[in-house]
Amino acid sequence: FDSFIDIANVQKKEMELHFLQVIISNLPKENKLCIAHLMLHLYEVQARQKDNLMDCDNLGVVFGPTLLRPKVEDMEYIKKVPLGNKVVALMIEYSQQLFPIYKIYDSKKREERRRRNHPPHIVTSVIEYLESGDKLLETDGLYRVSGSKEIIDNLKYMCIRGEKVTQMLIEEAEPHVATGLLKQYLRELPEPL
């Protein structure tokens, strides 16, 4: 706590980042990952300050008392709260330089999670197909499942691999197969929509 608070009293702006890097490098790995995730997120929040009015200083006031606390809270601590807020604001401001490796790791992880949990090709391919033909959306019994399970499975695996299946749907399938594919995909989602 005291090491972080001391940064608020540093006179040279260029030294703030250096001292923060030194202190953060000494944190346990789990704490470092947690603070990196939070600070990078808060950096994104402050990047939209034009809309949300939350700049680094305002975020420091909100999160400072929660993130920087001594083991024993006494009257001395209350006097240091504004200094702690300033340090949290600095961590948000410098988060891109403090956690560059985590930023790359986090974006890869988010992209992987997005790809794994929400492969959009199935949904987009079916919608493109249904919108491409004359009145396909008005087909009687459109949402019943028909057609070969093998065709549906092949289409599903093509979509998961990222291949566009619109042309295959047009050439080989009928609207019922397309909606069957979509239904099967939606049923297999880990959580209901």
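Cut-offs used in this document
- Residues numbered from 1 in each chain as written.
- Predicted model: local features only at pLDDT ≥ 70, side-chain atom pairs only at ≥ 80, totals over all residues.
- Heavy atoms only, no water.
- Helix = DSSP H or I, 4+ residues; strand = E, 2+ residues; numbered from the N terminus.
- Areas by Shrake-Rupley, 256 points an atom, 1.4 Å probe, with all protein chains shown as cover.
- Contact = heavy atoms within 4.5 Å.
- 1 Å grid on protein atoms, 1.4 Å probe; cavity = no way out; pocket = protein on both sides within 12 Å on 5 of 7 lines; lining within 4 Å.
- Points joined across faces, edges and corners; volume = space filled by probe spheres on them.
- Nonpolar A, V, L, I, M, F, W, Y, C, P; charged D, E, K, R; others polar.
- Axes fitted to C-alpha atoms, helices over the stretch in contact; angles between N-to-C directions.
- Parallel < 35°, antiparallel > 145°, perpendicular 65-115°, else oblique.
- Phe/Tyr/Trp six-rings, centres within 6.5 Å; stacked < 30°, edge-to-face > 60°.
- Buried < 20%, exposed > 50% of the residue type's maximum accessible area, 1.4 Å probe, protein only.
- pLDDT = per-residue confidence, 0-100.
- Core = buried A, V, L, I, M, F, W, Y, C linked by side-chain atoms within 4.5 Å.

### Concerning the overall build of the protein
If you tally the helices and strands in the protein, you get 12 helices and zero strands. By element, 56% of the accessible surface of the protein is carried by carbon and sulfur atoms, the whole surface being about 12,600 Å².

### What to know about the side chain of asparagine 85
Here asparagine 85 lies in helix H6 (residues 75–93). Among all residues touching asparagine 85, those that are not within four sequence positions of it are Gly60, Val61, Gly64 and Pro65.

### Observations concerning the layout of surface pockets
Using a probe with the size of a water molecule, rolled over the atoms, empty space left in the structure can be pinpointed. Taken as a whole, the largest pocket holds about 280 Å³ of empty space. Lining the largest pocket we find Phe1, Phe4, Leu27, Asn31, Cys34, Ile35, Leu38, Leu67, Leu68, Arg69 and Met91. Per-element tally for the lining of the largest pocket: the top contributor is helix H3 (residues 29–46), with four residues. Broken down by class, the residue content of the lining of the largest pocket amounts to nine nonpolar, one polar and one charged.

### A look at the packing of helix H2 (residues 13–25) against H6
For any two helices packed against each other, one specifies the inter-axial angle together with the distance between the axes. Contact geometry for H2 and H6: axes closest at 11 Å, N-to-C directions at 90°. By the angle between their axes, H2 is roughly perpendicular relative to H6. Facing Lys13, Glu16, Leu20 and Ile24 of H2, the residues of H6 in contact are Val87, Leu90, Met91 and Glu93.

### Describing the packing of aromatic side chains
The final tally for this structure, using the stated rule, is one aromatic pair. An angle of 55° between the planes, with centres 6.0 Å apart, marks the rings of phenylalanine 1 and tyrosine 77 as tilted. Of this pair, phenylalanine 1 sits in the segment before helix H1 (2–7) while tyrosine 77 sits in helix H6, placing them 76 residues apart in sequence. Note on phenylalanine 1: relative accessible area 24%, which makes it partly exposed.

### Topic: the environment of glycine 64
Residue placement: glycine 64 occurs in helix H5 (residues 56–67). Put simply, glycine 64 and asparagine 85 are 21 residues apart on the chain and 4.2 Å apart in space, counted from C-alpha to C-alpha. In this structure glycine 64 touches Leu59, Gly84, Asn85 and Val88, once residues within four positions along its chain are discounted.

### Notes on the confidence of the model for the protein
For the protein, per-residue confidence averages 78 on the pLDDT scale, and 56% of positions sit at 70 or higher. Highest mean pLDDT in the protein belongs to H5 (94); lowest belongs to helix H11 (residues 166–172) (60).

### Description of the environment of isoleucine 23
Residue position: isoleucine 23 is located in helix H2. For isoleucine 23 and phenylalanine 4, which are 19 residues apart along the polypeptide, the C-alpha to C-alpha distance reads 7.3 Å. Apart from residues lying up to four places away in sequence, isoleucine 23 is in contact with Ser3, Phe4 and Ile7.

### Here's the deal with empty space enclosed by the protein
All chains considered together, the criterion is met by one cavity of 30 Å³ or more. For the largest cavity, the calculated volume is near 30 Å³. Every residue along the wall of the largest cavity is listed here: Phe1, Gly64, Pro65, Leu68, Tyr77, Lys80, Val81, Gly84 and Asn85. Elements with a contribution of two residues or more to the lining of the largest cavity: H5 and H6. Top contributing element to the lining of the largest cavity by residue count: H6, with five residues. Considered class by class, the residues forming the lining of the largest cavity number five nonpolar, three polar and one charged.

### A few points about unusual backbone geometry
Unlike most non-glycine residues, leucine 53 shows phi in positive territory, near 60°. Its relative accessible area of 64% is what places leucine 53 among the exposed residues.

### Topic: the nonpolar core
With 25 residues, the main nonpolar core has Phe4, Leu20, Met39, Met91, Leu98 and Phe99 as its most contacted residues. If one sorts the elements of this core by residue count, H6 sits on top with six residues. For leucine 20, the contacting residues outside a window of four places in its chain are Phe4, Ile7, Val87, Leu90, Met91, Tyr94 and Leu98.

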